[in-house]
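Here is what each chain is made of, one letter per residue.
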Amino acid sequence: MAFSSLVFNVRRREPESIVPAKPTPYELKHLSDIDDRKGLRFHASAIIFDRKKEPLYG
């Protein structure tokens, strides 16, 4: 498997606000039947630690 590096050129500039070209609608969007299931609506925070493993390649 060949790997290539990806290079980005970055210029730092002053921040600027980007606004919509025209007013955006304000409306409520209801959850789908799947998203509205009580058992699926929760947030779980976790920090997972793992032992250092040997690399698969190299």
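Residues numbered from 1 in each chain as written. Predicted model: local features only at pLDDT ≥ 70, side-chain atom pairs only at ≥ 80, totals over all residues. Heavy atoms only, no water.

Draft legend 1. Summary view of the overall build of the protein. Within the protein one finds zero helices and zero strands. Residues classed as buried in the protein amount to 0% of the 58 residues present. Per element, the accessible surface of the protein, about 7700 Å² overall, is 56% carbon and sulfur. (Helix = DSSP H or I, 4+ residues; strand = E, 2+ residues; numbered from the N terminus. Buried < 20%, exposed > 50% of the residue type's maximum accessible area, 1.4 Å probe, protein only. Areas by Shrake-Rupley, 256 points an atom, 1.4 Å probe, with all protein chains shown as cover.)

Draft legend 2. How the structure looks around the pattern of salt bridges. Tallying each qualifying case throughout the model produces two salt bridges. A salt bridge links Lys29 to Glu27; the nearest nitrogen and oxygen atoms lie 3.8 Å apart. On the basis of relative accessibility, which here comes to 65%, the residue Lys29 falls in the exposed class. (Salt bridge = Lys/Arg side-chain N within 4 Å of Asp/Glu carboxyl O.)

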